[in-house]
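# Breakdown of the fold
Spelled out from the first residue to the last, the chains are:
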Amino acid sequence: MGYFSCYAASMDRNLKVYSIESNKHYCKFIQKSLKQNSISNVNIFNEILSKNETEMFFHKEGVYLKNENKNFEMKKSITLDSLCKINSIIPEIIKMDVHGAEGLVLNGSHDIIKNDCKIILLELHSNDYLKKFSDGENRISIVNFLLKNEFSCFMISDYRDSSDLTNFDREKISQK
């Protein structure tokens, strides 16, 4: 928990790193990792990111639009644009692993993607996850969103099934 936050923050102790985690219990693990590694340049936000402010539910690493289980906890979501504006954050690099909520998070990030962000490291989950957690989005729509916002897209690993992207215009996505 907090591996990438620790890694980025340890590369340059003057760098400001922001870690956003929906699960309050996981935030404690991130805090523990930071303490164990003597890292003080990370701010942790316990927030659910989405395309708008609405009641959402979380359990472990999943964030749900509906309460699918009595053990789920409810929390009001916030957009990444709003979170950054409220906290005067200007992100140039975003690392995102949101377990299928990529569409929701990106659709709540128009301002920072358009004006500030230069690089997005995105773990793009399966179409099944996207359909369930991103309100019907799919991998092609996510890539098209990034291309429309003038990002160059590179497939680093095809660990997951990438057959839906292999026939995508190779001028737009480079496989590395």
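The rules we used
- Residues numbered from 1 in each chain as written.
- Predicted model: local features only at pLDDT ≥ 70, side-chain atom pairs only at ≥ 80, totals over all residues.
- Heavy atoms only, no water.
- Salt bridge = Lys/Arg side-chain N within 4 Å of Asp/Glu carboxyl O.
- Helix = DSSP H or I, 4+ residues; strand = E, 2+ residues; numbered from the N terminus.
- Buried < 20%, exposed > 50% of the residue type's maximum accessible area, 1.4 Å probe, protein only.
- 1 Å grid on protein atoms, 1.4 Å probe; cavity = no way out; pocket = protein on both sides within 12 Å on 5 of 7 lines; lining within 4 Å.
- Points joined across faces, edges and corners; volume = space filled by probe spheres on them.
- Nonpolar A, V, L, I, M, F, W, Y, C, P; charged D, E, K, R; others polar.
- Patch = residues over 30% accessible without salt bridge, like charges linked within 9 Å, V, L, I, M, F, W, Y side chains within 5 Å.
- Areas by Shrake-Rupley, 256 points an atom, 1.4 Å probe, with all protein chains shown as cover.

### Observations concerning the pattern of salt bridges
Considering all chains together, one arrives at three salt bridges under this definition. Lys-51 is paired through a salt bridge with Asp-135; the nearest N and O atoms lie 2.9 Å apart. With Lys-51 in the loop between strand S2 (42-46) and strand S3 (55-59) and Asp-135 in the loop between helix H6 (127-133) and helix H7 (139-148), this residue pair connects regions lying 84 residues apart in the sequence. Given the relative accessible area of 48%, Asp-135 is considered partly exposed. Here Lys-118 ties to Glu-92 by a salt bridge, and the two come within 3.5 Å at their closest N and O atoms. Of this pair, Lys-118 sits in the loop between helix H5 (110-115) and strand S7 (119-122) while Glu-92 sits in the loop between helix H3 (80-86) and strand S6 (93-96); the two residues are 26 residues apart in sequence, bridging distant segments of the chain.

### What about the layout of surface pockets?
Taken as a whole, the largest pocket spans an internal volume of roughly 1400 Å³. As for the largest pocket, its lining consists of 41 residues, of which Ser-5, Tyr-18, Ser-19, Ile-20 and Lys-95 are closest to the centre. Going through the elements one at a time, helix H1 (3-11), strand S1 (17-21), helix H2 (24-36), H3 and S6 are the ones with two or more residues in the lining of the largest pocket. A class-by-class count of the residues in the lining of the largest pocket yields 27 nonpolar, seven polar and seven charged.

### Section: a nonpolar patch on the surface
Residues Tyr-3, Phe-4, Tyr-7 and Met-11 make up a contiguous nonpolar surface patch of roughly 500 Å² in combined accessible area. Within the secondary structure, Tyr-3 sits in helix H1. Residue class for Tyr-3 comes out exposed when judged on its relative accessible area of 56%.

### Here's the deal with the environment of Leu-124
Within the secondary structure, Leu-124 is located in the loop between S7 and H6. With a relative accessible area of 15%, Leu-124 lands in the buried category. Expressed as a C-alpha distance, the spacing of Leu-124 and Arg-139, which sit 15 residues apart in the sequence, is 7.0 Å.

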